[in-house]
Every structure is written in structure tokens, then in C-alpha cells.
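For reference, the chains in residue letters:
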Amino acid sequence: PVKFAFLVFGSVARKEQTIKTDQDNAIVYEDVPHEDAHRVQSYFMAFGEKVCGWLDAAGYYFCDGDVMAKNAKWCQ
């Protein structure tokens, strides 16, 4: 619904993947009017959940520290 970026951090961002690489990622989206905030955050939270699930299924395990786009702290 708005412009956004899906960011990766850690070993994947440094291109240092190992046999057991986990996820460290976030979604940053543009500011929206207050009345649209809940709808937009809900959209990106669902999107983050979906993408993180796909990455987990592909072998990029969930981050033990929960630094992932499916966490509201990392989806703003």
C-alpha cells in the first residue's frame, strides 16, 4: 500500500552465509497518515510473516533474537 524496503542484516548482508545461517531482517515503510497506520502496519506484518516463513522453509532459520520483519519492532 506504500513504498517500502525489505532490509537484511548480519551474515546474509555481509555475504558470509554458513551452513546454519539465520534471518536478520526488517521492513521499513514510508510514513502514513494516522488514520491509515493500523491498516498499513497490519499489511506489512502479514507480509513479514509470509516472507520470514518462506525464508525459514528455504533453510534460513528464524533468528533467536527475533530480529525479523515479522516482529513489530522490526516492521515500521
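As the structure is a prediction and not an experimental result, all values here were calculated from the model.

Calculation notes
Residues numbered from 1 in each chain as written. Predicted model: local features only at pLDDT ≥ 70, side-chain atom pairs only at ≥ 80, totals over all residues. Heavy atoms only, no water. Helix = DSSP H or I, 4+ residues; strand = E, 2+ residues; numbered from the N terminus. Contact = heavy atoms within 4.5 Å. Salt bridge = Lys/Arg side-chain N within 4 Å of Asp/Glu carboxyl O. Buried < 20%, exposed > 50% of the residue type's maximum accessible area, 1.4 Å probe, protein only. Disulfide = S-S within 2.5 Å. Phe/Tyr/Trp six-rings, centres within 6.5 Å; stacked < 30°, edge-to-face > 60°. Lys NZ or Arg CZ within 6 Å of the ring centre and 35° of its normal.

Caption draft 1: Spotlight on the side chain of Asn71. Tracing the backbone through its elements, the reader meets Asn71 in the segment after α2 (37-57). Setting aside anything within four residues of it in sequence, one finds Asn71 in contact with Met45 and Asp66.

Caption draft 2: Region of the structure containing the pattern of salt bridges. Under the counting rule described, the total for this entry stands at 1 salt bridge. Salt-bridge contacts for Glu16 lead to Arg14; the nearest nitrogen and oxygen are separated by 2.9 Å. By relative accessible area, Glu16 is classed as partly exposed at 42%.

Caption draft 3: Local environment of the environment of Lys3. Position of Lys3 relative to the elements: it lies in the segment before β1 (4-8). Those residues in contact with Lys3 that sit more than four places away from it in its chain are Val28, Tyr29 and Glu30.

Caption draft 4: Highlighting the state of the cysteines. If you walk through the whole model with that rule in mind, you get 0 disulfides. Take Cys75: it sits in no disulfide, and the sulfur closest to it among the cysteines is that of Cys52, at 9.1 Å.

Caption draft 5: Focus on the packing of aromatic side chains. Following the criterion strictly, the structure yields 5 aromatic pairs and no others. Ring centres of Tyr43 and Phe44 lie 5.0 Å apart, and the angle between their planes is 90°; on these two criteria the pair is classed as edge-to-face. Residue classification places Phe44 among the buried positions, given a relative accessible area of 0%. Connected via pairs of aromatic rings, a cluster forms that spans Phe4, Tyr29, Tyr43, Phe44 and Phe47. Directly above the ring of Phe62 sits Lys70, whose terminal nitrogen or CZ lies 4.6 Å from the centroid.

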